[in-house]
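Reading the structure
Each chain, letter by letter, is given below.
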Amino acid sequence: MCGITGYVGKRKAAEILLGGLARLEYRGYDSAGLAVVNGGKMNIRKKVGKVKELKAVASDVEGTVGIGHTRWATHGEPSEKNAHPHVPSDSSFALVHNGIVENYSTLREMLTRNGCTFYSETDTEVLVKLIDHIKKTESLTLQLATRKALTQVQGTYGICICSQEDPDILIAARMGSPLIVGVGEEEYFVASDASAFLEYTRNVLHLNDGEMAVVHRTEGHQVSTLAGQALSPRLVALEGSLEQIEKGGYKHFMLKEIMEQPTALLNCMRGRVCISNEPGSPVLGSQVGDRAHPLLRPAPIKSGVSLTLGGIEQLVGPEGAKYTMLDKLRAARRIIICGCGTSWHAGLVGEYILETLCKVPVEVEYASEFRWACPASERRKGGGGGCNGFLLRVSRVGLPAAHSSSHLFLCANRYRNAVLRADEDVVIVISQSGETADTLAALRYAKSQVCSVI
């Protein structure tokens, strides 16, 4: 996951951008860079390696508007030429990007035929040159050229642009990759994660897919769809503290997360698991005063246990046909859990717990395969229920004698949509970051099949 930061206001941009990039290090990266506009000039610094190495060459850059980026290499090796930000030939603007432009090869060929020269191996430079090409050939403003270019892009993106020609604005847009706008006093922040600017403001605007924001240091902000329809998103006040998003003295974030597991579990149950029937009673275990961690202290035997799960008890659905997610869970004939990596492993634990306690069939799918893999319940039917599988016959040569058949038949299950039943299935998707592309694709697919999704 790449990390994006952007700033326009009265403060020194480089200091804010570098601080924000340091807080986005948890996302993983192999290079970093920033662009700051000052005195009508675009100043760009890039470094392969850690943010601290970029800081050594960029902390003295002056200017009050700029963008920053940590890159996780996809198209092209980790190098300074492939690191972001990228600029057109005249350096009139700079762009940072999180995501993948899937049709970049087609766009690159078209732009090459029109005289564009490329200096990196990235799909991001293709987007930059596309915006610049449209801007110049159609005599459009940077905002309009960006809007038009994005309608030609297939794939995912979160982008932020600063302009040498208009140093009072930032342009941000998203499709599939998270992007958030922080609103301060005559200053704006753009980032992949609010942790990048939480020390300066807690007021944010969340951009949705297909939306673009233009922020001006003194004239405010405008949010619209890529089609140009004006929007009025709600300003949200964030909670949380800097201590929660920093390493807290640990060597790295993974160690911090491991050591914080007891506290995280306790916070997860706080206000939800109570050990008496009295309203507002303490969380499980907090009434016992020994030296054991609260999660390990037994609840008093005479106390009742009550659960409050507000999220699944809220009414959802269209007017006249509202229901609660709790109703859907109670009626579910099958639960499907989707995730990637460690989230998938958490799903396996959930499968064990749900099947043991609720006696409901549970299937755990890799989110990356969910749209293409037939669920196990359908595979057991031999590819029925809409799964048009095929059989691959394998000779028994070299197999143990225990195999009674002369051939094995392997059912190939890729490239077929999962069979979902809207009236029977509940799909649970798990993502630690909230932006895992495959998991979000699984979520969208489940919703497209009118399934209840948590």
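Read on for an overview of the structure. Quick caveat: nothing in here was measured; it's all calculated off a predicted structure. Residue positions are given per chain, counted from 1 along the sequence in the order it is written. For this predicted model, a pLDDT threshold of at least 70 governs which residues receive local features, and a threshold of 80 or more governs which side-chain atom pairs are given and counted, while totals over whole chains, interfaces and linings are taken from all residues. To get the side-chain values, take all heavy atoms of the structure and skip hydrogens and water.

1. A short note on the environment of N103
Quick reminder of the rule: Secondary structure is summarised from DSSP: a helix means a run of H or I of at least four residues, a strand means a run of E of at least two, and numbering begins at the N terminus for each. Note on contacts: a residue pair qualifies if any of its non-hydrogen atoms lie within 4.5 Å across the two residues.
Structurally, N103 is set in the loop between β5 (93-101) and α3 (104-113). Separated by 49 residues in sequence, N103 and Q152 place their C-alpha atoms 8.9 Å apart. When residues no more than four places from it in sequence are discounted, the contact partners of N103 are Q152, V153 and Q154.

2. Some words on the pattern of salt bridges
As a reminder of what qualifies: For this analysis, a salt bridge means a side-chain nitrogen from Lys or Arg found within 4 Å of a carboxyl oxygen belonging to Asp or Glu. Whether a residue is buried, partly exposed or exposed follows from its accessible area with a 1.4 Å probe, protein chains only, as a fraction of its type maximum: under 20%, in between, or over 50%, in that order.
Inspection of the entire model under this criterion finds 14 salt bridges. Taking the shortest distance from any N to any O, the salt bridge between D90 and K136 comes out at 3.3 Å. With D90 in the loop between β4 (65-71) and β5 and K136 in helix α4 (residues 123-137), the pair connects residues that are 46 residues apart, well separated along the chain. Among the residues examined, D90 registers a relative accessible area of 34% and is labelled partly exposed. On the basis of relative accessible area, K136 is assigned to the partly exposed category, the value being 42%. Taking the shortest distance from any N to any O, the salt bridge between K136 and D132 comes out at 3.2 Å. Of this pair, K136 and D132 both sit in helix α4, separated by 4 residues, roughly a single helical turn. Three or more residues joined by partner-sharing salt bridges are found here, namely D90, D132 and K136.

3. Some details on unusual backbone geometry
The amide bond that connects H84 to the next residue, P85, takes the cis arrangement and shows omega of 5 degrees. Structurally, the position occupied by P85 is in the loop between β4 and β5. At S91, a residue that is not glycine, the phi angle is positive and equals roughly 55 degrees. Despite not being glycine, K359 has its phi angle at roughly 55 degrees, a positive value. Considering the arrangement of structural elements, one finds K359 in the loop between α11 (342-358) and β20 (362-366).

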